[in-house]
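Residue-level listing of the chains:
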Amino acid sequence: MPRRWADEAELAALIMVRANAGKRVTLSPDTALFVGLKLLTASAKPTAAEVALMICDSKCERPCYPCQGKANRIVRAYGTAPANAGLHRQAYVYATEKSARHPELRDLLLW
């Protein structure tokens, strides 16, 4: 069955229109996987240490002082990592490992 939406915004609009009308929303397995991955990663945020390692030009094994300072500012600007960030990461790993049929979905994840 061909999909009826072109992008995330259109899918969200279709779901919201049906929900506002009190109608049931039925998702194909592919669309359900896509929506599930998006929901899992929507509130997941990297920790300051993870950000520091990502932005470090020196590629230090442990976050260096200047990069840790920048990372702290970035994390504060976007909100601190939730207490269940580890759970989000575990769900992300599980979902991407189990979605070998859909490698293109990995590119849609936030990190």
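A quick note: this is a predicted structure, and the numbers were derived from the prediction, not measured. (Residues numbered from 1 in each chain as written. Predicted model: local features only at pLDDT ≥ 70, side-chain atom pairs only at ≥ 80, totals over all residues. Heavy atoms only, no water.)

Colleague: How would you sum up the overall build of the protein? Please name residues and give values.
Modeller: Within the protein, the regular secondary structure consists of five helices and zero strands. When the 111 residues of the protein are sorted by exposure, 22% land in the buried category. Residue pairs at least 24 apart in sequence account for 51% of intrachain contacts in the protein once pairs closer than 6 positions are excluded. When the accessible surface of the protein is totalled, it reaches about 8,200 Å², and 58% of it is carbon and sulfur. (Helix = DSSP H or I, 4+ residues; strand = E, 2+ residues; numbered from the N terminus. Buried < 20%, exposed > 50% of the residue type's maximum accessible area, 1.4 Å probe, protein only. Contact = heavy atoms within 4.5 Å. Areas by Shrake-Rupley, 256 points an atom, 1.4 Å probe, with all protein chains shown as cover.)

Colleague: Describe in detail the side chain of T31, supporting the description with residues and values.
Modeller: Residue placement: T31 occurs in helix α2 (residues 29-42). Among the polar contacts listed, one links the side chain of T31 to the side chain of S28, at a separation of 3.0 Å. Beyond its immediate chain neighbours, meaning those up to four positions away, T31 contacts W5 and L11. (Polar contact = N/O pair within 3.5 Å; in protein donor to acceptor, adjacent residues only side chain to side chain.)

Colleague: An account of the environment of P46 is requested, with residue identities and associated values reported.
Modeller: Topologically, P46 is positioned in the loop between α2 and α3 (48-55). The exposure class assigned to P46 is partly exposed, which follows from its relative accessible area of 23%. Distance from P46 to V75, taken between C-alpha atoms, is 7.9 Å for residues 29 residues apart in sequence.

Colleague: How would you explain the nonpolar core if you had to name every residue and give the values?
Modeller: Ranked by size, the top nonpolar core spans seven residues in total: A48, V51, A52, C56, C67, A71 and V75. Contributions of two or more residues to this core are made by α3 and α4 (65-78). Residues in contact with C67, not counting those within four places in the same chain, are A52, I55 and C56. (Core = buried A, V, L, I, M, F, W, Y, C linked by side-chain atoms within 4.5 Å.)

Colleague: Talk me through the packing of α3 against α4; I want residue IDs and the actual numbers.
Modeller: One can describe the packing of α3 onto α4 by two numbers: an axis separation of 8 Å at closest approach and a directional angle of 125°. It follows that α3 is oblique to α4 by the angle criterion. The element α3 and its partner α4 pack so that their crossing is right-handed. Where α3 abuts α4, its residues A48, A49, V51, A52 and I55 lie against C67, Q68, K70, A71, N72, I74 and V75. Of the residues contributing to the contact of α3 with α4, the split by class is nine nonpolar, two polar and one charged. (Axes fitted to C-alpha atoms, helices over the stretch in contact; angles between N-to-C directions. Parallel < 35°, antiparallel > 145°, perpendicular 65-115°, else oblique. Left-handed = near helix turned anticlockwise from the far one by under 90°. Nonpolar A, V, L, I, M, F, W, Y, C, P; charged D, E, K, R; others polar.)

Colleague: Got a sec to walk through the pattern of salt bridges? Specific residues and values, please.
Modeller: Side-chain pairing between opposite charges can occur once the charged atoms of the two side chains come close. According to the stated counting rule, one finds one salt bridge in the structure shown. Between K38 and E8 there is a salt bridge; the shortest N-O distance is 3.3 Å. Here K38, found in helix α2, pairs with E8, found in helix α1 (residues 8-20); they are 30 residues apart in sequence, far enough to count as distant. Relative accessible area serves as the criterion here: at 22%, K38 is assigned to the partly exposed category. Residue E8 is classed as partly exposed on the basis of its relative accessible area, which comes to 40%. (Salt bridge = Lys/Arg side-chain N within 4 Å of Asp/Glu carboxyl O.)

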